Amino acid sequence: MNRGYAIAICLMALSLTATPAHAVDATYEKPLLRLAEVLGAVHYLRNICGEDSDAWRTRMQELLAAEAPSQARREKLVASFNHGYRAFAGTYESCTAQALAAVERYMKEGALLSRDIAQRYGN
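These lines cover the structure that appears in this document, whether it is placed above or below. Note that the structure is a prediction, hence the values are computed from the model and not measured.

Reading the values: rules and limits
Residues numbered from 1 in each chain as written. Predicted model: local features only at pLDDT ≥ 70, side-chain atom pairs only at ≥ 80, totals over all residues. Heavy atoms only, no water. Phe/Tyr/Trp six-rings, centres within 6.5 Å; stacked < 30°, edge-to-face > 60°. Helix = DSSP H or I, 4+ residues; strand = E, 2+ residues; numbered from the N terminus. Buried < 20%, exposed > 50% of the residue type's maximum accessible area, 1.4 Å probe, protein only. Lys NZ or Arg CZ within 6 Å of the ring centre and 35° of its normal. Expected span 1.5 Å × (residues − 1). Axes fitted to C-alpha atoms, helices over the stretch in contact; angles between N-to-C directions. Parallel < 35°, antiparallel > 145°, perpendicular 65-115°, else oblique. Left-handed = near helix turned anticlockwise from the far one by under 90°. Contact = heavy atoms within 4.5 Å. Nonpolar A, V, L, I, M, F, W, Y, C, P; charged D, E, K, R; others polar.

### Describing the packing of aromatic side chains
Inference 1: On inspection of all chains with the given rule, the structure shows four aromatic pairs.
Inference 2: Ring geometry for Tyr44 and Tyr85: centres 5.0 Å apart, planes at 80 degrees, overall edge-to-face. One end of the pair, Tyr44, is in helix α2 (residues 26-48); the other, Tyr85, is in helix α4 (residues 71-89), and 41 residues separate them in sequence.
Inference 3: Under the relative-accessibility criterion, Tyr44 is labelled buried at 9%.
Inference 4: An aromatic cluster of three or more residues is present, and its members are Phe88, Tyr92 and Tyr106.
Inference 5: Above the ring of Trp56, the side-chain terminus of Arg59 is found at 5.9 Å from the ring centroid.

Structure below.
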């Protein structure tokens, strides 16, 4: 597992916005919701593959703190995280080669999403 992807996701999620976005641009919302879903999936998959931590849930909490969303928007972001988590919880009960491949794909996607969001919408 490439720790660089983990660090990139963390750093990008923390630097998404310096101030809360009050008027949410629809083009910003879609990748942010996807990033939340990816964080949920990675949280589940990394834990069944031996990580045993809340690191990815913590990243989601940091993203929520940085965004300071309205209650409705917060619920959408949390629902996306939970959807990502549950999608794999229903598929994998233990770490398999496919689970490891999914982790790798999601880590890459999360890094790309984080970088894209920060470059396009960050301050």
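### Topic: helix α5 (residues 97-121)
Inference 1: Across its 25 residues, α5 extends 36 Å between first and last C-alpha, which sits within 8% of the 36 Å expected from 1.5 Å per residue.
Inference 2: Considered for burial, the residues of α5 that qualify are Ala99, Ala102, Val103, Tyr106, Met107, Gly110, Ala111, Leu113, Ser114, Ile117 and Ala118.

### A closer look at the packing of helix α3 (residues 55-67) against α4
Between two packed helices, the angle of one axis relative to the other and the distance separating the axes together describe the packing.
Inference 1: Remark: α3 packs on α4, axes separated minimally by 11 Å, with the N-to-C direction vectors making an angle of 160 degrees. The orientation of α3 relative to α4 falls into the category roughly antiparallel. Crossing geometry of α3 relative to α4 is assigned as right-handed. From α3, Trp56, Arg57, Met60, Leu64 and Glu67 reach across to α4, where they touch Arg73, Arg74, Leu77, Val78 and Phe81.
Inference 2: Class assignment for the residues of the contact of α3 with α4 results in six nonpolar, no polar and four charged.

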